[in-house]
Amino acid sequence: MATEATGADRGGHSMTRLSRRAVMGAAAAALAPRTGFSEPASVLRVGMTLADIPLTTGQASQGGEGQRFIGLTLYDALINWDLSHADRAAPLQPGLATSWSVDPETKTVWTFHLRSGVKFHDGSSFNAESVIWNLDKLMKKTSPQYDQAQVTQSGPWIGTTASYRALDDMTVQIVTTLPDAVFPYQVVNISMSSPTRWKELGGDWSKVAEHPSGTGPWILEKAVPRDRAELRRNAGYWDPGRVPKSEHMILRCIPDSTTRLSALLSGQVDWIEAPPPDAVSQIRSAGMQVVTNVYPHIWPYQLSFLPESPFRDIRIRKAANLAIDRDGLVKLLGGLALPAKGMVTPGHPWFGKPTFDIKYDPDTAKALLKDAGYSPDKPVKAKFLISTSGSGQMQPLPMNEFIQENLKEVGIEVSFDTMDWEALRARRRGGVEASDNKGADGINNSWSFTDPDIGLIGTAWSKKRPPGGYNWGGFSDAEADDLAARAKVEFDPAKQNELLAQLHARMVDQAMWIWVVHDLNPRALGANVKGYVEAQSWFQDLTPVSVG
Amino acid sequence: MHLYILRRLLYTLPIIVGVTIVCFSFIHLAPGDPISAVLPENASPQVVAEIKAAYGFDKPLPIQYLKWLGHVMEGDFGTSIMTHRSVVSEVVPAVANTALLAVTAILLGFTAGISLGLIAGFSDRRMTDRSVTAFAVAGISIPHYWLGMVMVVVFAVLLRALPANGMGPAGTDIWLFTADDLRHLVLPAATLAMIPAGVLARSVRAMVIETRRQEFVQTLRGKGLGRLRVFLHIVKNAAPPILAIMGLQFAQLLGGSILVETVFAWPGTGFLLNAAIATRDLPLLQGTVIVLATFFVLTNLVVDILQTAIDPRVRRA
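This is a predicted model, so every value here is computed, not measured.

**Details of the overall build of chain B**
The number of helices and strands found in chain B is 13 helices and 0 strands. From first element to last, N terminus to C terminus, chain B shows the α and β order α-α-α-α-α-α-α-α-α-α-α-α-α. Long-range pairs, those at least 24 residues apart, make up 73% of the contacts in chain B between residues at least 6 apart in sequence. If you sum the accessible surface of chain B, you get close to 15000 Å²; carbon and sulfur atoms cover 69% of it.

This is the structure in structure tokens:
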């Protein structure tokens, strides 16, 4: 069994200043443990932002974080993310299916050829029957394994599935309600849990939660609610290249960023998510590593296009985009952000060639506002909904105050309606027309462009209004609609990327939202942590990571 | 005395029911949707309605409250929306973890506070008195989460002498009285102990000084009683109000400290409440609050009874 050690036992970094040592040496000698902790050779200890262990039965709860630490560690999907490279947007790759194709006639019938020789953690074999059983678990209310808890988590991913069946022992056919070229991005989120384990435990999902069985590279040994999950290497994982380098991985729930930082600096954990931005130099001066990379994240203001909203005027939308000193904001964030040029990052296959260059240009912003009849003396008045914290929200309060000043300087006077994260999500999910959103001209809800639907098609297509889509403010543009509709049914990935790039360029040229910065996904690692590759993704692969 | 205890026990029932009503109302007055944290990103109205119905949130509030209260009377506190575990299975270990921390902090805090208060109260040296008063004011005034962070920086990060956070070494489900477990307890318990230590040091000092000035003390001295006997008389007379303060402090610590438990990643009731609030987990929030409120009320009841046993004047009043 894995045990935890302090940095002293690990031979961690020395104190940063000799004078501190001199002053505190006597106290250290008195308090230091007399015996060291025993510890297996390779344990990776992770400090998560989560306050609790996500649902372990298959469809992980708690959003991207839950999927990152439980969904992708214990389970596989038919299609997996390729998280092995830092220099490109994470693509899809074969998972439990070795290949898939769509019927060229109907464009709705998908055939998945399954990987042979794959075993669940309980030793049972993965096959077409397992896939059907798992889809029944999420879609067939009369099936004994139907599990509302997992259905809730899988909602966005199964919506377009009309039917499914096994063609033979290793081939599965799934039919979608409409032609949908984005379907593979939905399949990547459907985890395959073991029917055998569920049956062994009397069909009780709460028992399965304690002893889950997937096909993933890690096996859950123990989960202590609100404290930690202990995972063991799946030595027989079907992909030899992803057999974990560490024998054990301990995932600890440390939601407070300062507490995570102290756990890292004191050597209690080896790898933490989201260190506080102002601690970066402290971490580096302690000889530890801070790893960053772009990923599909944008910190924007999604805008209202209701008749009373000032942002119906493209001049005001463009002015707002030009009024923000993004470099100054990045400095405020300790360098842990990238100034935005649109929804996606420059260099991304979907960036395209927008003509509107988003930058800090207050003079042009003022000119645009003057043209629209406004000035600092006669400002545009707008109200934004913002949150105090939340997943992907970075440092929302200081960031919003910074931007508020920027906007005021050019003649846009913004007031905030501040609420907690869950309240903000509910306000976003309701769409701008919801009664409790009355008077709101924008919402500061961080966004992902992990897949074409959530990032571009679902936000820009006028028919994709909530709850079916993500077009919160009612943006409506004939050219964007046409591109979104075509991208949705373009099954050639290269051609689809081209359409998405055109769509993105159109969104930027229309200044659909106010795009501010992209988070750089900081992770802090102990000095002796090796092998970590920060993928350009919300998800990360910890199988190549080892300590020592 | 028995009748008094029975009467006080009966008084606690409406207090607890009142707490449940206030708690239930406040939680539902807060903006936002109770199931928002578990809804899929693009949940259709049908899915929202189904999930609301599954948790009973589709009923009018009074009906929701009465149903919840009925289940609570049967010992069923419901199921957590976020984790799908029973609220009891969430709250019981959290209460145990907080109790461990609170009892340790109480032992530390009471011992330090009473000792320092007595020293200051009986000392005729201004320097001693001033020093203890300064400690007491610091203990009460310094935000304990800030103190916790400073202690972590000094003892965990700089000295590497104690663990920064967590309840114990990995690999164990329960807290054991091993050296490793005890080391994890030191910093959070010492942080939490500062408040009761400060409060008690100040209160004991004040009560002792006040009691020493009373005429009966002069009489005892005039009758030729030894210093120890006089000391004991003073302590006994000063004890009832101190006991009440100790009870309140104990109950407050048992309630858990959201900030300290968050700083030390200690999975107690404070940590649980923080998570429940952040995720709008109403069944968990209600279950935790009702258990904590009951603890608070019962602790006060025990203190009242003890006070009555020690000081008959209280009973007569």
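**Concerning the overall build of chain A**
Each helix and strand counted, chain A has 18 helices and 22 strands in total. The buried share among the 548 residues of chain A stands at 60%. In chain A, once contacts between residues fewer than 6 apart in sequence are set aside, the share between residues at least 24 apart is 69%. Carbon and sulfur atoms provide 51% of the accessible area of chain A, an area that totals close to 20000 Å². Separation between the mean location of the 57 positive side-chain charges and that of the 61 negative ones in chain A comes to 2 Å.

**Regarding the pairing of strand S9 (residues 228-233) of chain A**
Residue and element names in this part refer to chain A. In the sheet, strand S8 (residues 218-224) pairs with S9 via 6 bridges, with the strands oriented antiparallel. Across the sheet, Ala223 pairs through a bridge with Ala229, a residue of S9. Once S8 ends, the chain turns through 3 residues before running back antiparallel as S9, passing Arg226 with a positive phi of about 60°. Looking at chain direction, S9 and strand S10 (residues 248-253) are connected through 5 bridges and run antiparallel. Residue pairing in the sheet places Arg228 in a bridge with Arg252 of S10.

**Considering the packing of aromatic side chains**
All names here are of chain A. This model, assessed by the stated rule, comprises 22 aromatic pairs over all chains. Centroid distance Trp133 to Trp205: 5.9 Å. Interplanar angle 45°. Geometry classified as tilted. Here the residue Trp133 occupies a position in helix H4 (residues 128-139), and Trp205 occupies one in helix H8 (residues 205-210), the gap between them amounting to 72 residues. The two residues Trp133 and Trp205 agree in class, both being buried. Summarising the aromatic geometry, the rings of Tyr295 and Trp538 are spaced 5.2 Å apart at their centres and angled 70° between planes, so their arrangement reads as edge-to-face. Of this pair, Tyr295 sits in the loop between strand S12 (289-291) and strand S13 (297-303) while Trp538 sits in the loop between strand S21 (529-530) and strand S22 (546-547), and the two are 243 residues apart along the sequence. For Tyr295, a relative accessible area of 5% translates into the label buried.

**Some thoughts on the sheet that holds strand S6 (residues 161-168) of chain A**
All names here are of chain A. Ordered in space as S4-S5-S7-S6, the 4 strands form an open sheet in which the pairing is antiparallel. Of all strands in the sheet, those with a lone pairing partner are strand S4 (97-102) and S6, marking the two edges. Strand after strand, the sheet turns through a mean of 20° between neighbouring axes, direction not considered. The sheet contact formed by strand S5 (residues 109-114) and strand S7 (residues 171-176) spans 5 bridges and is antiparallel. The partner of Phe112 across the bridge, within S7, is Val172. Across the sheet, H4 lies against S5, S6 and S7, angled at about 160° from S6, the strand it touches most.

**Here we look at the side chain of Ser446(A)**
Residues and elements named next belong to chain A. Assignment of secondary structure puts Ser446 in the loop between strand S17 (442-443) and strand S18 (447-448). For Ser446, a relative accessible area of 7% gives the class buried. Looking at Ser446, its side chain comes within polar contact range of the main-chain oxygen of Gly392, at 3.2 Å. Apart from residues lying up to four places away in sequence, Ser446 is in contact with His297, Ile298, Pro300, Ser391, Gly392 and Gln393.

**So, helix H11 (residues 269-278) of chain B**
Residues and elements named next belong to chain B. Most of H11 is tucked away, with 7 of its 10 residues classed as buried. For H11, the full list of buried residues reads Thr269, Gly270, Phe271, Leu272, Leu273, Ala275 and Ala276. Arg280 sits one or two positions beyond H11 and adopts a positive phi of about 55°.

**Quick notes on the nonpolar core**
Counting residues in hydrophobic clusters, the biggest one holds 74 residues, and the most contacted among them are Met343(A), Leu503(A) and Trp515(A). Broken down by element, the residue count for this core peaks at 5 residues, all from helix H18 (residues 493-509) of chain A. Contact partners of Trp515(A), with chain neighbours within four places excluded, come to Ile298(A), Trp299(A), Pro300(A), Asn321(A), Arg326(A), Ala340(A), Gly342(A), Met343(A), Ile358(A), Met507(A) and Val508(A). Ranked by size, the runner-up nonpolar core spans 55 residues in total, among them Leu336(A), Val157(B), Met207(B) and Ile234(B).

**Re the pattern of salt bridges**
In this structure the tally under the stated criterion is 28 salt bridges over all chains. Ionic pairing is found between Glu200(A) and Arg197(A), a salt bridge with its closest N-O pair at 3.1 Å. Of this pair, Glu200(A) and Arg197(A) both sit in helix H7 (residues 195-200), separated by 3 residues, roughly a single helical turn. Here Glu200(A) falls in the partly exposed class, since its relative accessible area comes to 49%. For the salt bridge of Arg315(A) with Asp313(A), the shortest nitrogen-to-oxygen distance reads 2.8 Å. By relative accessible area, which is 28% here, Arg315(A) ends up partly exposed. Each of the salt bridges in this network shares a partner with another, and the network as a whole consists of Asp52(A), Arg226(A), Arg85(B) and Glu90(B).

**Observations concerning the environment of Ala440(A)**
Residue and element names in this part refer to chain A. Examined against the element boundaries, Ala440 turns out to sit in the loop between helix H15 (421-429) and S17. For the pair formed by Ala440 and Glu498, sequence separation is 58 residues and the distance between their alpha carbons is 34 Å. Excluding residues within four positions of it along the chain, Ala440 makes contact with Ser304, Lys383, Leu385, Val432 and Trp472.

**Description of the packing of helix H9 (residues 227-254) of chain B against helix H12 (residues 282-310) of chain B**
All names here are of chain B. Here H9 crosses H12 at 165°, and the two axes come no closer than 9 Å. For the element pair H9 / H12, the angle class is roughly antiparallel. The handedness of the crossing between H9 and H12 is right-handed. Residues Pro240, Pro241, Leu243, Ala244, Gly247, Leu248, Phe250, Ala251, Gln252 and Leu254 of H9 lie in contact with H12, whose contacting residues are Leu292, Phe295, Phe296, Thr299, Asn300, Val303, Leu306, Gln307 and Ile310. Here the contact of H9 with H12 is composed, by residue class, of 14 nonpolar, 5 polar and no charged.

**Some points on the sheet that holds strand S11 (residues 271-273) of chain A**
Residue and element names in this part refer to chain A. Spatially, 7 strands are ordered S8-S9-S10-S1-S11-S20-S12 in an open sheet, and the strand pairing comes out mixed. Each end of this open sheet is capped by a strand with a single partner; those strands are S8 and S12. The average undirected angle you get between the axes of adjacent strands in this sheet is 20°. Here strand S1 (residues 43-48) pairs with S11 via 2 bridges, running parallel. Bridged to Gly47 within S11 is Ile272. Across the face of the sheet, helix H9 (residues 257-265) comes into contact with S1, S11 and strand S20 (523-525) while running at roughly 165° to S11.

**Points about the confidence of the model for chain B**
Of all residues in chain B, 94% attain a pLDDT of 70 or more, and the chain-wide mean is 85. Scored as a whole, the predicted complex attains pTM 0.84, and scored at its interfaces, ipTM 0.79.

**Details of a nonpolar patch on the surface**
All names here are of chain B. Together, Tyr145, Trp146, Val150, Ile258, Leu259 and Ile277 make up an exposed nonpolar region whose accessible area comes to about 510 Å². Looking at the nonpolar patch, the elements with two or more residues in it are helix H6 (144-158) and helix H10 (258-263). In terms of residue count, the dominant contributor to the nonpolar patch is H6 (3 residues). Structurally, the position occupied by Val150 is in helix H6. According to the relative accessible area criterion, Val150 is partly exposed, its value standing at 32%.

The rules behind each value
- Residues numbered from 1 in each chain as written.
- Chains lettered and ligands numbered in written order.
- Predicted model: local features only at pLDDT ≥ 70, side-chain atom pairs only at ≥ 80, totals over all residues.
- Heavy atoms only, no water.
- Helix = DSSP H or I, 4+ residues; strand = E, 2+ residues; numbered from the N terminus.
- Contact = heavy atoms within 4.5 Å.
- Areas by Shrake-Rupley, 256 points an atom, 1.4 Å probe, with all protein chains shown as cover.
- Buried < 20%, exposed > 50% of the residue type's maximum accessible area, 1.4 Å probe, protein only.
- Lys, Arg positive; Asp, Glu negative; His and termini not counted.
- Charge placed at Lys NZ, Arg CZ, Asp CG, Glu CD.
- Pairing = 2+ DSSP bridges.
- Phe/Tyr/Trp six-rings, centres within 6.5 Å; stacked < 30°, edge-to-face > 60°.
- Axes fitted to C-alpha atoms, helices over the stretch in contact; angles between N-to-C directions.
- Polar contact = N/O pair within 3.5 Å; in protein donor to acceptor, adjacent residues only side chain to side chain.
- Core = buried A, V, L, I, M, F, W, Y, C linked by side-chain atoms within 4.5 Å.
- Salt bridge = Lys/Arg side-chain N within 4 Å of Asp/Glu carboxyl O.
- Parallel < 35°, antiparallel > 145°, perpendicular 65-115°, else oblique.
- Left-handed = near helix turned anticlockwise from the far one by under 90°.
- Nonpolar A, V, L, I, M, F, W, Y, C, P; charged D, E, K, R; others polar.
- pLDDT = per-residue confidence, 0-100.
- Patch = residues over 30% accessible without salt bridge, like charges linked within 9 Å, V, L, I, M, F, W, Y side chains within 5 Å.

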